[in-house]
Amino acid sequence: MRYENGKMKEVQIAYIGGGSRGWAWGLMTDLAMEERLSGTVRLYDIDSRAARNNEKIGNELGERPEAKGKWRYVTCPSLEVALTGADFVVISILPGTFDEMASDVHLPERLGIWQSVGDTAGPGGMIRALRTLPMFAEFARAIRDWAPDAWVINYTNPMSLCVKMLYYIFPQIKAFGCCHEVFGTQKLLRDICEEECGLSGVDWHEVDVNVVGINHFTWFTEASCRGIDLFPVYRRYIEKHFERGYRLENENWMNSSFACAHRVKMDLFLKYGCIAAAGDRHLAEFMPSDTYLKDPETVKAWRFGLTSVDWRKEDLRKRLERSARLVSGEEKIELKSTGEEGVMLMKALCGLGRVISNVNLPNTAGQIPNLPRTAVVETNALFGQNSIHPVSAGEMPEEIYRLTLPHIQNHETILKASLTCDREMVTEAFLNDPLVKGKHCSRADVEALVRDMIENTQAYLPEGWRTGRQEP
């Protein structure tokens, strides 16, 4: 990197998963809109054709006169080439295909276990982790060997376990996980604050929050805006709107796989006194199965949706078609901010300002004192020149702690299972998961489910899962 006239030039970004038909395009637009950064984005993907397509799309975007940030996109043939000399590493991958994810999400339904996302908690999140973690172990070794001083930004789920594996393999790594779920809740609170308090023109960044939790099961223990305590404002809104939930622009909301009325959030606030700060689809999967995911009718009553893998496959088909249009020039990417903070965090780490944002990091600084130091937690952190300083969030409230602990325990178990190819550990983690536990399944049924789910993702697992346990 080279600093010149208030700008950081020749920044080198290695993008693992650079053939992405979603995150990559968002990163391209955010980089193009930031005039104080410029350099090279090195795209690496096992699908080299997808990476080459994004190279063409990114370079076309950078050549536009309205693009403030000037970036060159190049496809790299190996991790070594992509990483050597990198200042930043971005990881955004799909572990396996949607065929494997179909098993993750839908096979547990034979035991009455319903999952609304299936990429973080529950049986789906754990099996997804088993095929993702070996990839992250490889990434960590590669970063250790070829870019040990780079800042590593992970966007891949399951977020907590991915970050945990990076640090397990390379303890000195400078890695953190970014997730936009907290931003969505800040925007929700902004809208409610404007409606209840008669304000207008509030930027969601004005909603100051104390963040405590683990990824996708995150909570605000404090929230304010322009000197207004938002907890009584939020309670007042819930008292008036709980039965219907938060207004939806499209009332035919069940046709959207991601829309929700935020009734799960509201209910959790009434039960536990803190503001749950993730989407309802994610929050529901961390709770006992008889709460929000008892069956599809219960889900419908809470006004959120089950994101089917068939929907994801259709969405991928549309994105592939869009990729072809972007490569041919038939369509151009709109220069519009994604609302993600990744580029802003890069600027801060380059020394171009300081910023506080929520981030997933190991709890080694005791950000949440009553959680294990080995846990990966989501709290606020101060980003500055070549530094991240986690902000002390205080203890997690006791009732929320009890809800969170089984998932932290499962993170430890699944990491060890991944390293040793131990099916028994996977079974124990399933039995400890609230979605499974609430169904009172027999151990034999859970063991059979584990066996079949592992078999369905075998192509993406190490040889040890076929031959038996192996030493980590």
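What comes next concerns the included structure. (Residues numbered from 1 in each chain as written. Predicted model: local features only at pLDDT ≥ 70, side-chain atom pairs only at ≥ 80, totals over all residues. Heavy atoms only, no water.)

**Some thoughts on the packing of aromatic side chains**
As a reminder of what qualifies: Within 6.5 Å between ring centres, the rings of Phe, Tyr and Trp (the latter by its six-membered ring) count as paired, and their orientation is classed by plane angle as stacked under 30 degrees, edge-to-face over 60, tilted in between. Secondary structure counts use DSSP, requiring at least four H or I residues in a row for a helix and at least two E residues in a row for a strand, with both numbered from the N terminus. Exposure categories follow from relative accessible area, calculated using a 1.4 Å probe and restricted to protein chains: below 20% of the type maximum is buried, above 50% is exposed, and the middle band is partly exposed. For a ring to carry a charge above it, either NZ of a lysine or CZ of an arginine must fall within 6 Å of the ring centroid while also lying within 35 degrees of the normal to the ring plane.
Following the criterion strictly, the structure yields 13 aromatic pairs and no others. A centroid spacing of 5.3 Å and a plane angle of 65 degrees characterise the contact between F136 and F139, whose relative ring orientation is edge-to-face. Taken as a pair, F136 and F139 lie in helix α5 (residues 122-146) at a separation of three residues, close to a single helical turn. Pair check on accessibility: F136 and F139 agree, each one buried. Note on Y292 and W302: the rings are 4.9 Å apart at their centroids and 85 degrees apart in plane angle, and the pair reads as edge-to-face. In this pair, Y292 is assigned in the loop between α10 (280-285) and α11 (296-301) and W302 in the loop between α11 and α12 (309-328), connecting sequence segments 10 residues apart. Taken together, the ring pairs in this structure connect F217, W219, Y272 and F286 into an aromatic cluster. Between the NZ or CZ atom of R263 and the centre of the ring of F242, over which it lies, the distance is 4.7 Å.

**Overview of the nonpolar core**
Worth spelling out the cut-off: The nonpolar core is taken to be a set of buried Ala, Val, Leu, Ile, Met, Phe, Trp, Tyr and Cys residues, with the residues joined through side-chain atoms within 4.5 Å. Residue contacts are defined here by distance: any two heavy atoms, one from each residue, within 4.5 Å place the two residues in contact.
With 154 residues, the main nonpolar core has V89, F176 and F383 as its most contacted residues. The element that contributes the greatest number of residues to this core is α5, accounting for 12 residues. Setting aside its immediate chain neighbours within four residues, F383 contacts F176, L345, A348, L349, G353, R354, V355, S357, V359 and I388.

**Some words on helix α2 (residues 48-62)**
To be explicit about the condition: A helix is expected to span 1.5 Å multiplied by its residue count minus one. To obtain the arc, one takes the directions from the helix axis to the C-beta atoms.
For α2, with 15 residues, the first-to-last C-alpha span of 21 Å sits near the 21 Å given by 1.5 Å per residue. The complete set of buried residues in α2 reads A50, A51, N54, I57, G58, L61 and G62. For α2, the arc enclosing every buried residue in end-on projection is 130 degrees, short of the 170-degree limit, so these residues lie on one face.

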